[in-house]
Amino acid sequence: MHKKSHLIAAAVLAGCATSALAQSSVAVFGIMDLYAESARLSGAPSVSKVSNGGLSPSRWGLRGSEALGGGLKAALILESGFAPDTGLSLQGGRLFGRQAWVSLASATAGEIRLGRQYAPMHYAMAGSDVEGFANFSPVLAMYLSGDQGRQDNQVSYWSPTLGGLSAAVAVAFGERATVAPGASAVWVPAAGTARNSVGGLLRYQSGALDASLAVHQGGQSLGSGTAKQQAFNLGAAWQFSSFLASGNYWEHCNDLPGTAATPRTRGAALGVRVPAGAWSFVAQAGWVQDNGRAWATGADKATGRNTFLNVGLNHALSKRTDVYVRWVRVTDDNGGFNGRATAALNGLFGPGNALAADGHAGTLAAGVRHMF
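Moving on, we come to the pattern of salt bridges. Evaluation of the coordinates by the stated rule reveals 14 salt bridges. A salt bridge links E37 to K49; the shortest N-O distance between them is 3.8 Å. Residue E37 is located in strand 1 (residues 24–41), and its partner K49 is located in strand 2 (residues 47–52); the two are separated by 12 residues in the primary sequence. Put simply, E111 and R113 hold a salt bridge, and the shortest N to O gap is 3.3 Å. Given a relative accessible area of 14%, E111 falls into the buried group. Each of the salt bridges in this network shares a partner with another, and the network as a whole consists of R59, E79 and R98.

Right, dumping it as structure tokens:
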């Protein structure tokens, strides 16, 4: 009897262990995306190169979840960006620079996430982009990724979906971190410290429609006062079978201390994706324009405008691998929107490549993307 009791106990414990393992999982995921391109800025010779992340930035990561009982679940994401053309880590060399957060979620009460996350604005803009923030997208070009994109020290709440409606709110604590103007912080007017950033997202999903409204406010404490960056995006996507159409309107302003002149940038984009078997055709057009005020000072300037055109083909070789071709052209009027010449080339040429006033830039690219 004693031996039999031990066998029964062992069987029960094994069953419990199996049950626990069945409710907990960790998976490795990632994307490798590389393309060859011939790119040219007006007034400069063309450049042939291999670049990272044409359709999706290359990355790898860990995704995990555990059922805790009572409808409660814990989850985590650790995601690292890298450039396979050079093997270097991205996001300033951070190990998990794309995302690093942990959450507790309930199907009835919603989810709370803590860690490095995307701002709610990111989801509204990416959701209204047929290219999903591909390097070639005009939506990416108008996106000021530094203060609307990934945020350190963020706490966010994501509601359940009720009648197609869902919402999210987020606070990213500045923790008085030092900030200064630079190529990756063009919205910062002077050296100072970061203030808390807040954002919100309202989303409606029903049938073919996916519509969203997002707001954002960030800022810095400066010697001369407080600078505040505010933005909103209204976007929608329509999915009919495999046909996809999307559009968005976006606006961003920089309230500066010591001046009533507020630099403002606004833009819009429209795009379609038309399937034909394993092939799909993509086309996008967009524009971004400032209000004639210099971004960092509020001084008078010529009203700057950039226009974008992106066309191409995708061919799915499998569910995880596709090849693509893109042709992109960016045209400038009056020295770029808000004087931010590099912003017109965000993702296409990278920082440090200035588009000349009244000039243009373009690229012809072909690449392959594999997801795992």
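Residues Q99, W101, S103 and A105 of strand 6 (residues 99–106) are buried on one face, while the alternating residues A100, V102, L104 and S106, pointing to the opposite face, are not. The sheet contact formed by strand 4 (residues 72–83) and strand 6 spans 8 bridges and is antiparallel. Across the sheet, the residue bridging to L72 is S106, located in strand 6. Across 7 bridges, strand 6 lies against strand 7 (residues 110–118) in antiparallel orientation.

A word on the pairing of strand 1. When strand 1 meets strand 3 (residues 59–69), the two strands line up antiparallel, connected through 8 bridges. Its bridge partner lying in strand 3, V28 is registered against L62. With 11 bridges connecting them, strand 1 and strand 20 (residues 360–371) associate as antiparallel partners. The residue bridging I31 from the neighbouring strand is M371, located in strand 20. Relative to strand 2, strand 1 runs antiparallel, the two being bridged by 6 bridges. Counterpart to Y35 in the pairing with strand 2 is S51. Between the end of strand 1 and the start of strand 2, which pair antiparallel, lie 5 residues, with G43 showing a positive phi angle near 85 degrees.

Moving on, we come to the side chain of S56. Positionally, S56 belongs in the loop between strand 2 and strand 3. By relative accessible area, which is 9% here, S56 ends up buried. One polar contact links S56 to R369, side chain to side chain, over a distance of 2.8 Å. Sequence-distant contacts of S56, that is, excluding residues within four places in its chain, are made with I31, D33 and R369.

Turning our eyes to something else, we now look at the packing of aromatic side chains. Scanning the model with the defined rule gives 6 aromatic pairs in all. Here the aromatic rings of Y118 and Y123 are separated by 6.0 Å at their centres, their planes lie at 85 degrees, and the arrangement is edge-to-face. Assessed through its relative accessible area of 8%, Y118 is described here as buried. For Y123, a relative accessible area of 26% puts it in the partly exposed group. Aromatic pair F232 and Y249: ring centres 6.0 Å apart, planes at 45 degrees, arrangement tilted. Within this pair, whereas F232 is found in strand 14 (residues 225–240), its partner Y249 is found in strand 15 (residues 243–255), the two being separated by 17 residues in sequence.

How each quantity is defined
- Residues numbered from 1 in each chain as written.
- Predicted model: local features only at pLDDT ≥ 70, side-chain atom pairs only at ≥ 80, totals over all residues.
- Heavy atoms only, no water.
- Salt bridge = Lys/Arg side-chain N within 4 Å of Asp/Glu carboxyl O.
- Helix = DSSP H or I, 4+ residues; strand = E, 2+ residues; numbered from the N terminus.
- Buried < 20%, exposed > 50% of the residue type's maximum accessible area, 1.4 Å probe, protein only.
- Pairing = 2+ DSSP bridges.
- Polar contact = N/O pair within 3.5 Å; in protein donor to acceptor, adjacent residues only side chain to side chain.
- Contact = heavy atoms within 4.5 Å.
- Phe/Tyr/Trp six-rings, centres within 6.5 Å; stacked < 30°, edge-to-face > 60°.

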